[in-house]
Amino acid sequence: MPYAVKRTGFYALVVFIVLFSVFPFYYAILTSLKSGTALFRVNYLPVDFSLANYEGVLTNGVFPTNILNSVILAVVVVAISLFLAVTAAYALSRINFAGRGLLLLTILAVSMFPQIAVLAGLFEMVRWAGVYNTLFSLIFAYMIFTLPFTVWVLTTFMRDLPIEIEEAAIVDGASPFTIVMRVFLPLMWPALVTTGLLAFIAAWNEFLFALTFVSNNATRTVPVAIALLSGASEQEIPWGTIMAASVIVTVPLIVLVLIFQRKIISGLTAGGVKG
Amino acid sequence: MANLKLTKVRKAYGSVEVLHGIDLDIRAGEFVVFVGPSGCGKSTLLRVIAGLEDITGGTLEIGGRVVNALTPKQRGIAMVFQSYALYPHMTVYDNMAFGLTLEKGTGKEEIDRRVREAARILQIEPYLDRLPKALSGGQRQRVAIGRAITRDPQVFLFDEPLSNLDAALRVQTRIEIARLHERMEGTTMIYVTHDQVEAMTLADRIVVLNKGHVEQVGSPMELYNSPDNLFVAKFLGSPSMNILPATIESAGATTRVVPQGGSTVDLPVATPGSLQGKPAHLGIRPEDLSVSDDRAAPFRGTVVLTESLGEVTLVYIDIGRADEPFVAKLPGEVAMERGTRIGLTARPEAMRLFDESGQAIRSQMRRAA
Ligand SMILES: Nc1ncnc2c1ncn2[C@@H]1O[C@H](COP(=O)(O)OP(=O)(O)OP(=O)(O)O)[C@@H](O)[C@H]1O
Ligand SMILES: [Mg+2]
């Protein structure tokens, strides 16, 4: 009897957690499929099925451009972050220099600043560099939160790679750059995929910087664009369109995670068992 | 064809010096083995030669050229690591070709020829397309050796290449390395091990290291037959040489010695009169001892333990020195009860005399020979 109770309790908990985490998204999908006054009826099963909201958001003005902006931004941020992080990780994990520990701690400290604290200063820098209202300002700003954790994770990972492999490459005549590119990178796929994905998600979802450094509708990224979606009149909040837009921008993340799922899992355990 | 010359080579990590001025001449084409107890600096010395560690002081010359500031590649060395250190994501072929592909001016066909040649020599042709994880330990080590061969180095360095292999494979691979040395005429090889059998069988010359110093350099038989000091005497040979504290009773053309736990022996060693009455050490290898019924046998005691190894039996005897049994290696199977009293003797020429500080005392005659 107690076994059955435990078992039921366990599955009840599982169901609760799944509901809790999936329900908001499920409700967003439901809402996005409704149209007109159906929006204000509350129901939990898909009774309406109208793609009008999707059509609306995709043909409405600059939203497709916003999606493109977000894609470009996230991809560029991930690429630059990973490149810088891999090279930095090599220096931080394999080269002995004075102040290495301090530097690592500083990097970690940077990641702890609340965004709002650096906002004003960053704004000045963005204006000064003349990149206000361009995607460059965001590429630059996003490095502030993507680099610390990519550098940290990759440094830890690289430190665990056997030193003899690097020495064998040195004896083979490889330069540090060749070692990083041809020996370390292939061994670091799991870590690269994991950190790259996290950086992608962070850049994709970022709101505050995107709102502050860009004021032009056509240069906006998706999170800001969605927040600023407006209906026909001032008073109307276009829930249907907002939900359709949200679903559209969530799907790429889910697809990415599913594609790299196995790599992520092996990435999270890769430090434990060395092949 | 390259000789090596080390002059006062020192290596320090921070304030800790681990190599204290190593002087060493290695001839071109020679097979030299570094041995010594764990932590004595064998690997460090090898890595200094390789260029993986920079030199704190002194000079290293390869082929007459000072190479202190050159990279491993510029020094023309190749190295085989204890842990194989293969590139896990590359096939056997790519592992062996990697170094060559980095060289400008080595064509694809030339690379292919050299990789296949190395694979043929080491009999790893069937595995060229496999990843290292799909190979056994012995096969991996052969790939690592192959990777070094394709580079066609002037100096070949090995750091305990066999210590991760099981006993049978170790013997087989050791023989392969000996053959490789014959085949690669003119390639200097330096080999680190703490396996005595490897050292004795492979080496043209052995370098015995201790605490960052060279204790003695010589052919295996030189080191075995006439160790320069107590350290070398005890280090080579298994079980190691019995050492008894002794007193020199009379010096001269022959020397009369009284060892602790034994009776007076006359050694055919000439000693200066100044040593008369001085303390010394008497060394006798276990294999030089034989059982004697003679009442005058110099070493007498009771059997503590016997170990039969098949072709020999080790007999541990208590000759009255606390905690330090006296070991004899007797041929064949010898049955002896614990507690049996026996006498042991050795030819006087086989006994070795060391002065108080541990340096060998050799007769003038022997030194000339
Ligand atoms: N990076 C380092 N920093 C400080 N000390 C070191 C370093 N590497 C080695 N040592 C010290 O140098 C000494 C020699 O080490 P080495 O690895 O050469 O020994 P070894 O003779 O190869 O021993 P083993 O037979 O155990 O491999 C040791 O006492 C070791 O503690
Ligand atoms: Mg070592």
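Note that the structure is a prediction, hence the values are computed from the model and not measured.

Across the contact, 21 residues belong to chain B and 15 residues belong to chain A. When the two sides are added together, the surface that chain B and chain A hide from each other amounts to roughly 1,600 Å², 68% of it contributed by carbon and sulfur. Contact with chain A buries surface across chain B, with B:Tyr87, B:His89 and B:Leu102 losing the most and accounting together for 29% of the total. At the surface where chain B touches chain A, the tally comes to two salt bridges. With its nearest N and O atoms 2.7 Å apart, the salt bridge here joins B:Arg47 to A:Glu167. Across the contact surface, chain B and chain A share six residue pairs in polar contact (both at pLDDT 80 or more). At the level of elements, α2 (72-75), β6 (77-80) and α3 (92-102) of chain B are the ones that each hand at least two residues to the side of chain B that touches chain A. The element best represented in the side of chain B that touches chain A is α3(B), accounting for four residues. Of the residues belonging to the side of chain B that touches chain A, the class tally is 13 nonpolar, four polar and four charged.

As recorded in UniProt, the sites labelled "domain: ABC transporter" (unreviewed entry) are residues 4-236 of chain B. Counting secondary structure, residues 4-236 of chain B comes out at 38% helix and 26% strand; the distance between its end C-alpha atoms is 25 Å.

Our next topic: the sheet that holds strand β15 (residues 290-292) of chain B. Residues and elements named next belong to chain B. As summarised here, the arrangement of the five strands in space is β15-β19-β16-β17-β18, forming an open sheet in which the pairing is antiparallel. The sheet terminates laterally at β15 and β18 (326-331), the two strands that pair on one side only. Sheet twist, expressed as the mean angle between neighbouring strand axes with direction ignored, is 55 degrees.

Further remarks concern the pattern of salt bridges. Where side chains of opposite charge bring their charged atoms close, a pairing between them can arise. If you walk through the whole model with that rule in mind, you get 18 salt bridges over all chains. A salt bridge links B:Glu17 to B:Arg10; its shortest N-O distance comes to 2.8 Å. Close ionic contact of B:Glu110 with B:Arg114 constitutes a salt bridge, the shortest N to O distance being 3.3 Å. Here the residue B:Glu110 and the residue B:Arg114 both occupy positions in helix α4 (residues 108-122), the gap between them amounting to four residues, near one helical turn. In the salt-bridge network here, residues are joined through shared partners; they are A:Glu167, B:Lys11, B:Arg47 and B:Glu53.

All names here are of chain A. What the domain assignment reports for chain A is domain 1 (3-50) and domain 2 (61-261). Across the contact, six residues belong to domain 1 and seven residues belong to domain 2. Between domain 1 and domain 2 the total buried area reaches about 550 Å² when both faces are included, carbon and sulfur atoms providing 89% of it. The largest contributions to the domain 1 side of the interface with domain 2 come from Phe25, Ala28 and Ser32, which together make up 62% of the buried area. Here domain 1 and domain 2 share zero salt bridges between them. Applying the counting criterion to the domain 1 and domain 2 interface returns zero residue pairs in polar contact (both at pLDDT 80 or more). Among the residues making up the side of domain 1 that touches domain 2, the classes are represented as four nonpolar, two polar and no charged.

Residues and elements named next belong to chain B. If you trace the six strands from one edge of the open sheet to the other, you get β13-β12-β11-β14-β20-β21, paired in antiparallel fashion. In this open sheet, the two strands that pair with only one neighbour each are β13 (265-267) and β21 (360-361). As defined by bridge partners, strand β12 (residues 255-259) adjoins β13 across three bridges and the pair is classed as antiparallel. Residue pairing across strands places threonine 255 opposite leucine 267, the latter belonging to β13.

A regular strand places its side chains so that they alternate between the two faces of the sheet. Residues and elements named next belong to chain B. Sheet analysis places strand β9 (residues 205-210) next to strand β10 (residues 213-218), joined by five bridges and oriented antiparallel. Across the sheet, the residue bridging to isoleucine 206 is glycine 218, located in β10. If you look at the hairpin formed by β9 and β10, you'll find two residues sitting between the two strands, and lysine 211 has a positive phi there, around 50 degrees.

Before going further, it helps to spend a moment on the UniProt feature "transmembrane region" (unreviewed entry) in chain A. Residues and elements named next belong to chain A. Following the UniProt record, one finds the feature "transmembrane region" (unreviewed entry) at residues 9-29, 67-90, 102-123, 135-158, 179-204 and 237-260. Annotated as residues 9-29, this span is 100% helix and 0% strand, and its ends, taken at the C-alpha atoms, are 29 Å apart. Across residues 135-158 one finds 100% helix and 0% strand; the C-alpha atoms that close the span lie 32 Å apart.

All names here are of chain A. In a regular helix each residue adds 1.5 Å, so 31 residues correspond to 45 Å; helix α1 (residues 2-32) covers 44 Å between its end C-alpha atoms and thus fits that length. Of all bends in α1, the biggest is about 45 degrees, found at valine 22, and the proline proline 24 comes one to four residues later. Every buried residue belonging to α1 is among Ala28, Leu30, Thr31 and Ser32, and all of these are buried.

For the rest of this paragraph, the subject is the site of ligand 1. Residue and element names in this part refer to chain B. With respect to spatial proximity, the complete set of residues near ligand 1 consists of Tyr13, Val18, Ser38, Gly39, Cys40, Gly41, Lys42, Ser43, Thr44, Glu160 and His194. Cysteine 40 places a main-chain nitrogen or oxygen 3.3 Å from an oxygen atom of ligand 1. Between ligand 1 and the protein, one listed contact pairs an oxygen atom with a side-chain N or O atom of histidine 194 at 3.3 Å. In isolation ligand 1 exposes 640 Å². Once the protein is present, 57% of that is buried. Per-element accounting of the shell around ligand 1 gives the leading share, three residues, to helix α1 (residues 42-50).

All names here are of chain B. Counting buried residues along strand β8 (residues 188-192), five of its five residues qualify, which places the element largely inside the surrounding structure. Here β8 shows a buried face lined by Thr188, Ile190 and Val192 and a second buried face lined by Met189 and Tyr191. Sheet topology note: the strand β3 (residues 31-35)/β8 ladder contains four bridges and is parallel. Across the sheet, the residue bridging to valine 32 is isoleucine 190, located in β8. Across five bridges, the pairing between strand β7 (residues 155-159) and β8 is parallel. Bridge pairing links phenylalanine 156 to methionine 189 in β8. For the handedness criterion, the β-α-β arrangement of β7, helix α6 (residues 167-183) and β8 is classed as right-handed.

Definitions and limits used
- Residues numbered from 1 in each chain as written.
- Chains lettered and ligands numbered in written order.
- Predicted model: local features only at pLDDT ≥ 70, side-chain atom pairs only at ≥ 80, totals over all residues.
- Heavy atoms only, no water.
- Contact = heavy atoms within 4.5 Å.
- Buried area = accessible area lost by both parts, 1.4 Å probe.
- Salt bridge = Lys/Arg side-chain N within 4 Å of Asp/Glu carboxyl O.
- Polar contact = N/O pair within 3.5 Å; in protein donor to acceptor, adjacent residues only side chain to side chain.
- Helix = DSSP H or I, 4+ residues; strand = E, 2+ residues; numbered from the N terminus.
- Nonpolar A, V, L, I, M, F, W, Y, C, P; charged D, E, K, R; others polar.
- UniProt positions renumbered as here; feature names shortened; annotations may be inferred.
- Pairing = 2+ DSSP bridges.
- Axes fitted to C-alpha atoms, helices over the stretch in contact; angles between N-to-C directions.
- Domains from an automatic or database assignment.
- Expected span 1.5 Å × (residues − 1).
- Bend = angle between axes of the 7 residues up to and from the residue.
- Buried < 20%, exposed > 50% of the residue type's maximum accessible area, 1.4 Å probe, protein only.
- Near = heavy atom within 4 Å.
- Areas by Shrake-Rupley, 256 points an atom, 1.4 Å probe, with all protein chains shown as cover.
- Right-handed = clockwise from strand over helix to strand, strands pointing away.

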